[in-house]
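# Structural overview
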Amino acid sequence: LCFFIYSDVSRNNFLRYYILSFAIIGLVVSIRQALFSKFLIKKFKYKVKNINQLNPDILEIEMEKQDKKMNFKPGQFAFFSFQGDGVSTESHPFSISSSNMEDNLKITVKNLGDYTSLLNNLKESDSVIVDGPYGDFSYKKIDNKNQIWIAGGIGITPFFSMANSLDNGYTVDLYYSVKENKEAVYTKELEEITQKNTNFKFNLWNTTEKGYINSGLILNLSKGLDSKDIFLCGPPMFMESLKNQFLSLGVDIKKIHYENFSFN
């Protein structure tokens with residue numbers, strides 16, 4: 001009913017369908033677990049190895065495999081069920097923030113509500129059931145090697161995975177929009193990647209100092225958009241606004257990519 005009550009969700013098609021996609025995810029997962037868990041669900045056993053508090057609101061959870069490693073494309077997500085005391089065992093989706101070349105698996109989680117706040121109770125050696133990987137949000141899924149990546153807040157997580165896994169031959173401009181610099185994570189690592197790879201440019205965008213990032217600024221800073229594919233990840237309104245701005249500049253909708261939570 002929340003999709004039809006007069007509200008920001010009901011007035012905004014992008015936001016409505018984006019939120020609806022999460023409901024569909026939950027329904028699909030429930031059906032798959034009830035009917036096909038023994039045959040279709042790709043489950044992997046991990047345990048918590050390290051818990052790093054990156055800032056007051058964001059945790060990085062590093063997990064090591066207990067048997068078979070889950071292979072994934074950088075940018076994809078998976079469902080994680082934590083089995084520790086004081087943590088809900090419900091399965092929740094998170095983008096993977098580690099490189100696909102690392103042995104361990106990492107997710108980076110912002111405290112956004114009841115479930116994510118409980119993750120502060122995790123302990124090292126707690127068991128984790130991982131179901132995945134899923135999604136088409138990956139630079140490897142696109143033939144065009146000239147790309148622009150735009151992250152808002154915790155939307156940096158799939159881009160951090162992609163930046164650490166970037167193949168030769170790609171030219172990428174990454175824009176990371178935060179309200180204040182202290183909210184940003186992985187900036188040191190991304191700056192180091194920029195120093196090592198001249199085809200990768202990292203731009204930290206402080207909206208308090210510079211105002212909201214927009215398509216016109218990116219058009220100028222990236223020296224044109226005509227031959228580039230654009231990836232967006234962040235809050236729904238952030239993505240919708242930028243998507244519409246790029247469309248108004250004549251960017252083909254097929255060249256704008258954001259997570260559609262597709263199941264493979």
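Our subject is the structure that appears above.
Described in the following lines is the structure provided in the data block. (Residues numbered from 1 in each chain as written. Predicted model: local features only at pLDDT ≥ 70, side-chain atom pairs only at ≥ 80, totals over all residues. Heavy atoms only, no water.)

Turning our attention to unusual backbone geometry. Omega for the bond connecting Gly132 with Pro133 falls within 30 degrees of zero, at 0°, which places this linkage in the cis form. Its location among the elements puts Pro133 in strand β6 (residues 127-134). Here Ser125, not a glycine, exhibits a phi torsion of approximately 85°, which is positive. Mapped onto the elements, Ser125 comes out in the loop between α3 (114-118) and β6. Positive phi is not limited to glycine here, since Tyr186 has a value of about 65°. Here Tyr186 lies in the loop between β8 (171-178) and α5 (187-196). (Helix = DSSP H or I, 4+ residues; strand = E, 2+ residues; numbered from the N terminus.)

Right, let's talk about helix α4 (residues 156-164) for a bit. Counting buried positions over the 9 residues of α4 gives 8, a clear majority of the element. Of the positions making up α4, those classed as buried are Ile156, Thr157, Pro158, Phe159, Phe160, Ser161, Met162 and Ala163. (Buried < 20%, exposed > 50% of the residue type's maximum accessible area, 1.4 Å probe, protein only.)

What the 6 strands build is an open sheet, ordered β4-β3-β6-β1-β2-β5; its pairing is antiparallel. A single partner strand is all that each edge strand has here, and the edge strands are β4 (92-95) and β5 (105-110). Strand-to-strand, the axes of this sheet are offset by a mean angle of 40°, without reference to chain direction. Judged from the 4 bridges that link them, strand β3 (residues 77-82) and β4 form a sheet pairing that is antiparallel. Considered in β4, the bridge of Phe79 is made with Pro93. (Pairing = 2+ DSSP bridges. Axes fitted to C-alpha atoms, helices over the stretch in contact; angles between N-to-C directions.)

To continue, consider the pattern of salt bridges. One pass over the structure, following the stated rule, counts 6 salt bridges. In this structure, Lys106 engages Glu102 in a salt bridge whose closest nitrogen and oxygen atoms are separated by 3.8 Å. Judged by relative accessible area, Lys106 falls into the buried class, the value being 19%. The class of Glu102 is partly exposed, set by a relative accessible area of 28%. Between Glu180 and Lys182 there is a salt bridge, with its nearest N and O atoms 3.5 Å apart. (Salt bridge = Lys/Arg side-chain N within 4 Å of Asp/Glu carboxyl O.)

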